[in-house]
Amino acid sequence: MSKQHDEPLSPTVTKVLDAYLDALKGDSDIAAEAATRLDTLLRQGKVPKPADIDAALFPPEEDEGAS
């Protein structure tokens, strides 16, 4: 089953993700690093879980692990 995720993304999906990344990076409310993390997640070739999307956009603060 994991073999299906080894396939490269179709050219259409790649084009859409490229445009989406450009839009994310153009949004001043979204950090460039968060946009890059989300792009990496979406290009894995499988549907990400909502928690993974949240983690890509809003990573935990380094200080949160200390409490």
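Computed from a predicted model, the values in this text were never measured in an experiment.

Peer 1: Just to check I follow, could you spell out the nonpolar core for this structure?
Peer 2: If you look at soluble globular proteins, the nonpolar side chains tend to sit buried side by side. Judged by nonpolar contacts, Leu 21, Leu 24, Ala 35, Leu 38, Leu 41 and Ala 56 together constitute the single largest core of six residues. Elements supplying a minimum of two residues to this core: α1 (11-26) and α2 (32-42). Apart from residues lying up to four places away in sequence, Leu 21 is in contact with Ala 35, Thr 36 and Asp 39.

Peer 1: I'm lost on the packing of α2 against helix α3 (residues 50-57) in this one. Help?
Peer 2: To characterise two packed helices, one gives the angle between the axes of the helices and the distance between these axes. Closest axis-to-axis distance for the α2/α3 pair is 7 Å, and the angle between their directions is 150°. With respect to α3, the element α2 is oriented roughly antiparallel. Between α2 and α3, the contacting residues are Ala 34, Arg 37, Leu 38 and Leu 41 on the first element and Asp 52, Ile 53, Ala 55, Ala 56 and Leu 57 on the second. Here the contact of α2 with α3 is composed, by residue class, of seven nonpolar, no polar and two charged.

Peer 1: Please clarify how the pattern of salt bridges should be interpreted in this entry.
Peer 2: One side chain can pair with another of opposite charge once the charged atoms of both are near each other. Going through the model one piece at a time under the given rule, you end up with two salt bridges. Arg 43 serves as the salt-bridge partner of Asp 39, at 2.7 Å between the closest nitrogen and oxygen. Using a relative accessible area of 11% as the deciding quantity, one classes Asp 39 as buried. By relative accessible area, which is 26% here, Arg 43 ends up partly exposed. Ionic contacts of the salt-bridge type, sharing partners, join the residues Asp 18, Asp 39 and Arg 43 into one network.

Cut-off values and rules
Numbering of residues begins from 1 in every chain and follows the order in which that chain's sequence is written. Totals for whole chains, interfaces and linings use every residue, but because this is a predicted model, local features are given only for residues with pLDDT of at least 70 and side-chain atom pairs only at 80 or more, for both listing and counting. Heavy atoms from the whole structure form the basis of all side-chain values; hydrogens and water molecules are not counted. Residues grouped as a nonpolar core are buried Ala, Val, Leu, Ile, Met, Phe, Trp, Tyr and Cys residues, joined through side-chain atoms within 4.5 Å. Only protein chains enter the calculation, and the probe is 1.4 Å; a residue is then buried if its accessible area is under 20% of its type maximum, exposed if over 50%, and partly exposed in between. Secondary structure elements follow DSSP: runs of H or I no shorter than four residues count as helices, runs of E no shorter than two count as strands, and numbering proceeds from the N terminus. Contacts were defined at the residue level, with two residues in contact if any of their heavy atoms lie within 4.5 Å. All axes are obtained by fitting lines to C-alpha atoms, using only the stretch in contact for helices, and the reported angles, taken between N-to-C directions, cover 0 to 180 degrees. Note on terminology: angles under 35 degrees are roughly parallel, angles over 145 are roughly antiparallel, angles of 65 to 115 are roughly perpendicular, and the others are oblique. When residues are grouped by polarity, Ala, Val, Leu, Ile, Met, Phe, Trp, Tyr, Cys and Pro land in nonpolar, Asp, Glu, Lys and Arg in charged, and all others, Gly among them, in polar. One side-chain nitrogen of Lys or Arg within 4 Å of one carboxyl oxygen of Asp or Glu is enough to make a salt bridge.

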